[in-house]
Amino acid sequence: NKKNNSLFLSPPSPNVRPEDVVDTVGAGDSFIGALVSKWLVGVEWEEASYFANVIAAESIKHEGTQSSYPYLDNVQVDYRTSESKG
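First things first, this report covers the structure right here in the doc. (Residues numbered from 1 in each chain as written. Predicted model: local features only at pLDDT ≥ 70, side-chain atom pairs only at ≥ 80, totals over all residues. Heavy atoms only, no water.)

1. Focus: the overall build of the protein
Along the protein, the regular secondary structure elements total 2 helices and 2 strands. Put simply, the protein runs from its N terminus to its C terminus through helices and strands in the order α-α-β-β. Per-residue burial for the protein yields a buried fraction of 29% across its 86 residues. In the protein, once contacts between residues fewer than 6 apart in sequence are set aside, the share between residues at least 24 apart is 65%. Surface summary for the protein: the accessible area is close to 6200 Å², and the carbon and sulfur share equals 50%. (Helix = DSSP H or I, 4+ residues; strand = E, 2+ residues; numbered from the N terminus. Buried < 20%, exposed > 50% of the residue type's maximum accessible area, 1.4 Å probe, protein only. Contact = heavy atoms within 4.5 Å. Areas by Shrake-Rupley, 256 points an atom, 1.4 Å probe, with all protein chains shown as cover.)

Okay, structure coming up:
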């Protein structure tokens, strides 16, 4: 698989400890919203996917759907080092 020719992506995912999971409802919606928001501004799929993973991982740490989504100002993502801080 060439990097730009692969159908499937395997971006790194943030680690979430099982004891930190509160509510998984809405995680898929937050992932799709974050992915599309990055893609629409021209971010490559792999980096956009990693960002979406971070947003979804943060969302499952809180109760609720939209109310669990983090504000962009509260999430720092550095794809180059695969680190996230929320």
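2. Details of helix α2 (residues 45-59)
Since one α-helical turn is 3.6 residues long, residues separated by three or four positions face the same way. Relative to the 21 Å expected for 15 residues at 1.5 Å per residue, α2 spans 21 Å between its end C-alpha atoms, a close match to the ideal helical length. With respect to burial, α2 is a largely interior element, 12 of its 15 residues being buried. For α2, the complete set of buried residues consists of Ala48, Ser49, Tyr50, Phe51, Ala52, Asn53, Val54, Ile55, Ala56, Ala57, Glu58 and Ser59. (Expected span 1.5 Å × (residues − 1).)

3. Side note on the nonpolar core
Counting 9 residues, the largest nonpolar core consists of Ala34, Leu35, Ala48, Tyr50, Phe51, Ala52, Val54, Ile55 and Val75. Counting residues per element, the ones that place at least two in this core are α1 (27-40) and α2. Residue contributions to this core peak at 6 residues, all from α2. (Core = buried A, V, L, I, M, F, W, Y, C linked by side-chain atoms within 4.5 Å.)

4. Quick look at the packing of α1 against α2
Remark: α1 packs on α2, axes separated minimally by 8 Å, with the N-to-C direction vectors making an angle of 145°. Classified by chirality, the crossing of α2 by α1 is right-handed. On α2, the residues touching Ala27, Ser30, Phe31, Ala34, Leu35, Ser37, Lys38 and Trp39 of α1 are Trp45, Ala48, Ser49, Phe51, Ala52, Asn53, Ile55, Ala56 and Ser59. A per-class count over the contact of α1 with α2 returns 11 nonpolar, 5 polar and 1 charged. (Axes fitted to C-alpha atoms, helices over the stretch in contact; angles between N-to-C directions. Left-handed = near helix turned anticlockwise from the far one by under 90°. Nonpolar A, V, L, I, M, F, W, Y, C, P; charged D, E, K, R; others polar.)

5. Side note on a nonpolar patch on the surface
On the surface, a cluster of nonpolar side chains totalling about 630 Å² of accessible area is made up of Ile32, Val36, Trp39, Leu40, Val41 and Trp45. Mapped onto the secondary structure, Leu40 falls in helix α1. (Patch = residues over 30% accessible without salt bridge, like charges linked within 9 Å, V, L, I, M, F, W, Y side chains within 5 Å. Salt bridge = Lys/Arg side-chain N within 4 Å of Asp/Glu carboxyl O.)

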